[in-house]
Amino acid sequence: MDRKHKMMIAGAAVVLVITGVLMHFYGEATEGQKRQRAIAEEIIRLHVVANSDSEEDQQLKLKVKETIVTYLRGEMKDAATVDEARQAIRDNLPEIEEIANEKMRSEGFDYTAKASLGECYFPVKEYGDLTFPAGDYEALRVNLGSGDGKNWWCVMYPSLCFVDSVYQVVPDSSKEKLKSSLTEEDYESLLDGGEDVTYSFKFLEWLKSL
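(A) Spatial organisation of unusual backbone geometry. With an omega of -10 degrees, the peptide bond between Y157 and P158 qualifies as cis. Structurally, P158 can be placed in the loop between strand 6 (151-157) and helix 5 (172-181).

Have a look at this one:
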């Protein structure tokens, strides 16, 4: 066999190896997407966005979110499924805006809040010892004023919102509610740092850029 043929065979072998590696990672990426979507189908997030990054606006954001969380816990206490939780939030959007506005007025601010329920893209987010993968999630989004500041978020259903924003430890009872809503594999992926799903999204983004 001459040198040219050897080089052609070697080149073909390299192409096959690279193709195999890419197909392997693509398969993992697709599986990661499925896992993220499965998690997203069972939770609703709360996303409170501050008017700006000023110290005053950021502090106000935390006060407003505590008011919203306290109110919704009462309204959603009987929600046994994500569908029931979604309906409870939809039914209370005007009230959510009003209690947010009342809280801001009591603190001396004159801008207003806008509440909506829809899909939002979230990057990888750590929440206590749980890590939620990047992707689209259904969320109650509450914009304060111009909504140009940093956001605060939690999982509103199942209720994982911290009572104490300093000691960020998710109670075992809340974890059990989340665990019962997900498959064992999906729940375990939240505890392992979500790395598999995160790398999967990065790989798919890289493929799309080619």
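(B) Structural context of helix 4 (residues 93-106). In this model, helix 4 (14 residues) spans 20 Å end to end at C-alpha, consistent with the 20 Å of a helix rising 1.5 Å per residue. Those residues of helix 4 that sit buried are L93, I96, E97, I99, A100, N101 and M104. Against helix 2 (55-75), helix 3 (82-91), strand 2 (113-122) and strand 5 (135-144) lie the buried residues of helix 4. Directly beyond the C-terminal end of helix 4, a positive phi value near 90 degrees is found at G108.

(C) Region of the structure containing the confidence of the model for the protein chain. Here the protein chain shows a mean pLDDT of 81. Residues at 70 or above account for 72%. When pLDDT is averaged over each element of the protein chain, helix 4 comes out on top at 97 and helix 7 (residues 195-209) at the bottom at 51. Contacts of residues 19-29 to residues separated by more than four positions or lying in other chains number 10 contacts, the stretch itself having pLDDT below 50.

(D) Representation of the pattern of salt bridges. A complete count under the given rule lists nine salt bridges for this structure. Among the ionic pairs, D83 bridges to R86, the shortest N-O distance being 2.6 Å. Within this pair, D83 and its partner R86 are both found in helix 3, separated by three residues, close to a single helical turn. Across the salt bridge formed by E97 and K114, the nearest N and O atoms sit 3.8 Å from each other. Here the residue E97 occupies a position in helix 4, and K114 occupies one in strand 2, the gap between them amounting to 17 residues. What emerges from the salt-bridge pattern is a single network uniting K63, K103 and E107.

Calculation criteria
- For every chain, the first residue of the written sequence is number 1, and numbering continues from 1 along that sequence.
- In keeping with the model being predicted, local features are shown solely for residues with a pLDDT of at least 70 and side-chain atom pairs are shown and tallied solely at 80 or more, while totals for entire chains, interfaces and linings include all residues.
- Hydrogens are left out, water is left out, and the side-chain values use all remaining heavy atoms of the structure.
- The helix and strand labels rest on DSSP assignments: H or I over at least four residues marks a helix, E over at least two residues marks a strand, and numbering proceeds from the N terminus.
- An expected span of 1.5 Å times one less than the residue number is assigned to each helix.
- Residue exposure (1.4 Å probe, protein chains only): buried if accessible area is under 20% of the type maximum, exposed if over 50%, otherwise partly exposed.
- We call two residues in contact when some of their heavy atoms are within 4.5 Å.
- A score from 0 to 100, pLDDT tells how confident the predictor is in each residue.
- Here, a salt bridge means any side-chain nitrogen of Lys or Arg that lies within 4 Å of a carboxyl oxygen of Asp or Glu.

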